[in-house]
There are 2 protein chains.
Amino acid sequence: MVTKGPEPETVVSKPRRGQGASTVLEILRSEILELKLAPGAPIDESDLSQRFGMSRTPIREALIKLANDGLVVTLPNRSTIVAPLDLLELPSFYDALTLMYRVTTRLAARHRTAENVVVIRQLQDRYAEAVAAKDVAEMIEVNRHFHSQIARAGRNKYYSDLFERLLDEGRRLLRFYYSSFNDELPKAFLDEHEQMIRAIEVGDVDAADRISKQHADQIVRQIQSYIVDDRRLNADIQL
Amino acid sequence: MVTKGPEPETVVSKPRRGQGASTVLEILRSEILELKLAPGAPIDESDLSQRFGMSRTPIREALIKLANDGLVVTLPNRSTIVAPLDLLELPSFYDALTLMYRVTTRLAARHRTAENVVVIRQLQDRYAEAVAAKDVAEMIEVNRHFHSQIARAGRNKYYSDLFERLLDEGRRLLRFYYSSFNDELPKAFLDEHEQMIRAIEVGDVDAADRISKQHADQIVRQIQSYIVDDRRLNADIQL
DNA sequence: TGTATTTTCTTTGTCGACAACAAAAATATT
DNA sequence: AATATTTTTGTTGTCGACAAAGAAAATACA
């Protein structure tokens, strides 16, 4: 409690009323996703309270929301911990991720506006820059926004909410295993992204479906190169 | 604040430490789903605090969780309100509901244990009793548990979480329009449920898929007919 | 009378303190 | 010495109170 180890120490100036919880939420979320906070690590409310210079109440609110997103686990009367990476749930994760890739991209091909396409293209450009600079962190980050924007273009909040949750969890997994991130895969992504954008732009639902499935398979295979356990049972579902 | 109108007044004896928020959460959830709290109605923290005989802190925690489930909307610095029923989002709802019916039933057909089937059959029996007794409230309630249990038998928490959220929202819709609940549909459900159980029991994924899609279409059509009957808002709704 | 400004009032957001619970440490018991 | 029991310690869950932000009411002004 008193000893101050080598921990992440992002602190901000005291935010406005009503912004306390959300700023803490965002900072903690990114620290969890970037593994600055290790899976399973305990989270002390008093520590955070001191660190962010506010009382425990807004800290608590942020933790409740993180628990709802599955990023932390609350142990009653005991400390909250960063959600462990449960390898047994990976097959479920693969299954849902693949399905969400498909339905969100399909819907985007149907409902996208011209403005949507512009925003998505900008993110694709940023991704290309990250690949050129070999900036893995930036690649993971931009990749998430890229697909998140596609999902929003599909205009189905149920899907985009779940998809963003899955993308976050995936981001954590990629971080965990990103040592295997070689130079080839990011370029393959770049090409697939380009095809994806074109299908969305033209409104070709079938093409969007095909490419997004291929893309999901690619990602899943990458993660699986460590954990060989493919049980994506809905991968071939006809939509 | 002082006047006590004809409001729902479920009060419980003071719960144990750590149970405060969750009991409030469950009571509020059911009151929202059963429309005892009208969509758009403001929720006053002090009122609830008095009603449940606890401080505002655990009340607040419950409200945060309800907001995460989309059942209430928090207006910053102003009162929280019960989430409105947004008719413009119905197409998204139909789409997601149908897909979740399908994937959860498919997965259940693969992963169900003997024990799962027993529990599901018990719920089917309860549903049959409710139909015989023409107890609409019980039918809606049991129907939700029936499909929720099927989803859990599929063992994919991403799907079952989303599905339960959708079922809850659907429950609220059915409540809202259930004046036109006639005698025929519930029996059709009974039959479809029976087929569904059999497909799950035998492990026939294709049959499970077919029946669940049929079932979902049935429900969507039912909701749509209510809305067309009650209001003429279908001009903007994609049918 | 109708609009602009000030004041009051209600409700939320935040705070510091205390009580309850569980784990860890210390003591007793065999 | 090993286990059972008690004490201590640390952390969470809950509380009552206060401050900030809007909304409503009251007042001033045209």
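These figures come from a predicted structure and were not determined experimentally.

Peer 1: Mind showing me how you'd approach the overall build of chain A here?
Peer 2: Counting its regular elements, chain A contains nine helices and three strands. The helix and strand sequence of chain A, counted from the amino end, reads α-β-α-α-β-β-α-α-α-α-α-α. Expressed as a percentage of the 239 residues in chain A, the buried residues total 36%. In chain A, 71% of the contacts between residues at least 6 apart in sequence involve partners at least 24 apart.

Peer 1: So what exactly am I meant to see when it comes to the protein's contact with DNA strand D here?
Peer 2: The environment of DNA strand D is formed by 22 residues, the closest being Glu45(A), Ser79(A), Gly20(B), Met54(B) and Ser55(B). A breakdown of the residues in the surface near DNA strand D according to their chemical character gives five nonpolar, ten polar and seven charged.

Peer 1: Explain the confidence of the model for chain A here, please?
Peer 2: Detailed reading of predicted coordinates is not advised where the pLDDT is low. Residue and element names in this part refer to chain A. Mean pLDDT for chain A: 87, with 85% of residues reaching 70 or above. pLDDT under 50 marks residues 1-8. Its contacts with residues more than four places away, or in other chains, come to three contacts. Scoring of the predicted complex yields 0.87 for pTM and 0.86 for ipTM.

Peer 1: Just checking my understanding: could you explain the interface of chain A and chain B for this structure?
Peer 2: In many analyses, interface size is given as the accessible surface area lost on bringing the parts together. The interface is formed by 21 residues belonging to chain A together with 22 residues belonging to chain B. In the side of chain A that touches chain B, the residues fall into ten nonpolar, six polar and five charged.

Peer 1: What is the right way to read the domain arrangement of chain A from this model?
Peer 2: Residue and element names in this part refer to chain A. Its domain assignment divides chain A into domain 1 (20-82) and domain 2 (87-224). For domain 1 versus domain 2, the separation of C-alpha centres amounts to 27 Å. With five residues of domain 1 at the interface, the matching set in domain 2 holds six residues. Split into classes, the residues belonging to the side of domain 1 that touches domain 2 amount to two nonpolar, one polar and two charged.

Peer 1: What exactly am I supposed to notice about the relation of the copies chain A and chain B here?
Peer 2: The operation relating the pair of chain copies consists of a rotation about an axis and a translation along that axis. Overlaying chain A with chain B gives an RMSD of 0.1 Å, the required rotation being 180° about an axis along which the chain moves by 0.0 Å. In short, the pair behaves as if placed about a two-fold rotation axis. By residue overlap, the copies meet face to face through one surface: 90% of the interface positions of chain A are interface positions in chain B.

Peer 1: Got a minute to help me understand the protein's contact with DNA strand C in this structure?
Peer 2: Lining the immediate surroundings of DNA strand C are 22 residues, of which Gly20(A), Met54(A), Ser55(A), Glu45(B) and Ser79(B) lie closest. When residues of the surface near DNA strand C are traced back to their parent elements, those giving at least two are helix 1 (20-33) and helix 3 (56-68) of chain A together with helix 2 (45-52) of chain B. When grouped by side-chain class, the residues that make up the surface near DNA strand C number five nonpolar, ten polar and seven charged.

Peer 1: Where do I start with helix 1 (residues 20-33) of chain B in this structure?
Peer 2: Residues separated by three or four positions in an α-helix point in the same direction, a consequence of the helix having 3.6 residues per turn. All names here are of chain B. Helix length check: helix 1, at 14 residues, gives a terminal C-alpha distance of 20 Å against a target of 20 Å (1.5 Å per residue), a fit within 8%. Turning to helix 1, its buried residues are Gly20, Ala21, Val24, Leu25, Leu28, Ile32 and Leu33. The buried residues of helix 1 occupy an angular sector of 165° when the element is viewed end-on, so they sit on one face. Looking one or two residues beyond helix 1, the residue adopting positive phi is Leu35, at roughly 65°.

Peer 1: Could you clarify how one ought to interpret the sheet that holds strand 1 (residues 42-43) of chain B in this entry?
Peer 2: The strands making up a sheet are joined through hydrogen bonds of the backbone, oriented either antiparallel or parallel. All names here are of chain B. Read from one edge to the other, the open sheet built from three strands follows the order 1-3-2, with strand pairing classed as antiparallel. Looking at strand neighbours, the two that pair on one side only are strand 1 and strand 2 (72-73), the edges of this open sheet. Judged from the two bridges that link them, strand 1 and strand 3 (residues 80-82) form a sheet pairing that is antiparallel. Bridge pairing in strand 3 links Ile43 to Thr80.

Peer 1: I would appreciate a short explanation of the sheet that holds strand 1 (residues 42-43) of chain A in the present structure.
Peer 2: Taken in spatial order, the three strands of this open sheet run 1-3-2 (chain A), and their pairing is antiparallel. The open sheet has two edge strands with one neighbour each: strand 1 and strand 2 (72-73) of chain A.

Peer 1: Got a minute to help me understand the packing of helix 4 (residues 90-111) of chain A against helix 6 (residues 136-154) of chain A in this structure?
Peer 2: All names here are of chain A. In the contact formed by helix 4 and helix 6, the axes pass within 7 Å of each other and the chain directions differ by 55°. Between helix 4 and helix 6, the angle falls in the class oblique. For the pair helix 4 and helix 6, the sense of crossing is left-handed. Here Thr104, Thr105, Leu107, Ala108 and His111 of helix 4 lie close against helix 6, whose contacting residues are Ile150, Ala151, Ala153 and Gly154. Of the residues belonging to the contact of helix 4 with helix 6, the class tally is five nonpolar, four polar and no charged.

Peer 1: I'm lost on the environment of Arg112(B) in this one. Help?
Peer 2: All names here are of chain B. For Arg112, the position within the fold is in the loop between helix 4 (90-111) and helix 5 (114-132). The exposure class assigned to Arg112 is buried, which follows from the 23 C-beta atoms found within 10 Å. C-alpha of Arg112 to C-alpha of Glu201: the two residues are 89 residues apart in sequence and 7.5 Å apart in space. Those residues in contact with Arg112 that lie beyond four places of it in its chain are Val117, Ala153 and Ile200.

Peer 1: Looking at this structure, how should I read helix 6 of chain A?
Peer 2: Residues and elements named next belong to chain A. Here helix 6 spans 27 Å end to end across 19 residues, near enough to the 27 Å set by a 1.5 Å rise per residue. Within helix 6, burial applies to Met139, Ile140, Val142, Asn143, Phe146, His147, Ile150, Ala151, Arg152, Ala153 and Gly154. Phi for Arg155, located one or two positions after helix 6, is positive at around 60°.

Peer 1: What is the right way to look at the UniProt feature "domain: HTH gntR-type" (unreviewed entry) in chain A in this model?
Peer 2: Mapped onto this structure's residue numbering, the UniProt feature "domain: HTH gntR-type" (unreviewed entry) falls at residues 18-85 of chain A. In this annotation, residues 18-85 of chain A is assigned 51% helix and 10% strand; the end-to-end C-alpha distance for the span is 32 Å.

Peer 1: Which parts of the structure should I look at to understand the environment of Val136(B)?
Peer 2: Residues and elements named next belong to chain B. With respect to the helices and strands, Val136 occurs in helix 6 (residues 136-153). What makes Val136 partly exposed here is the crowd of 16 C-beta atoms within 10 Å. Sequence separation between Val136 and Ser49 is 87 residues; the distance between their C-alpha atoms is 32 Å.

Peer 1: Is there a simple way to think about the nonpolar core in this case?
Peer 2: One broad trend across soluble globular proteins is that nonpolar side chains are buried collectively. In terms of nonpolar packing, the biggest core is built from 79 residues, with Met100(A), Tyr159(A), Leu166(A), Met100(B) and Leu166(B) touching the most fellow members. Not counting residues within four places of it along the chain, the set of residues in contact with Leu166(A) comprises Phe93(A), Ala96(A), Leu97(A), Met100(A) and Tyr158(B). Within the second largest apolar cluster, 32 residues are counted, among which are Leu33(A), Val82(A), Leu37(B) and Phe52(B).

Reading the values: the criteria
- Residues numbered from 1 in each chain as written.
- Chains lettered and ligands numbered in written order.
- Predicted model: local features only at pLDDT ≥ 70, side-chain atom pairs only at ≥ 80, totals over all residues.
- Helix = DSSP H or I, 4+ residues; strand = E, 2+ residues; numbered from the N terminus.
- Buried ≥ 20, exposed ≤ 12 C-beta atoms within 10 Å, placed from the backbone.
- Contact = placed C-beta atoms within 7 Å.
- Near = placed C-beta within 6 Å.
- Nonpolar A, V, L, I, M, F, W, Y, C, P; charged D, E, K, R; others polar.
- pLDDT = per-residue confidence, 0-100.
- Domains from an automatic or database assignment.
- Least-squares fit on C-alpha atoms with pLDDT ≥ 70 in both.
- Expected span 1.5 Å × (residues − 1).
- Arc of directions from axis to C-beta.
- Pairing = 2+ DSSP bridges.
- Axes fitted to C-alpha atoms, helices over the stretch in contact; angles between N-to-C directions.
- Parallel < 35°, antiparallel > 145°, perpendicular 65-115°, else oblique.
- Left-handed = near helix turned anticlockwise from the far one by under 90°.
- UniProt positions renumbered as here; feature names shortened; annotations may be inferred.
- Core = buried A, V, L, I, M, F, W, Y, C linked by C-beta atoms within 7 Å.

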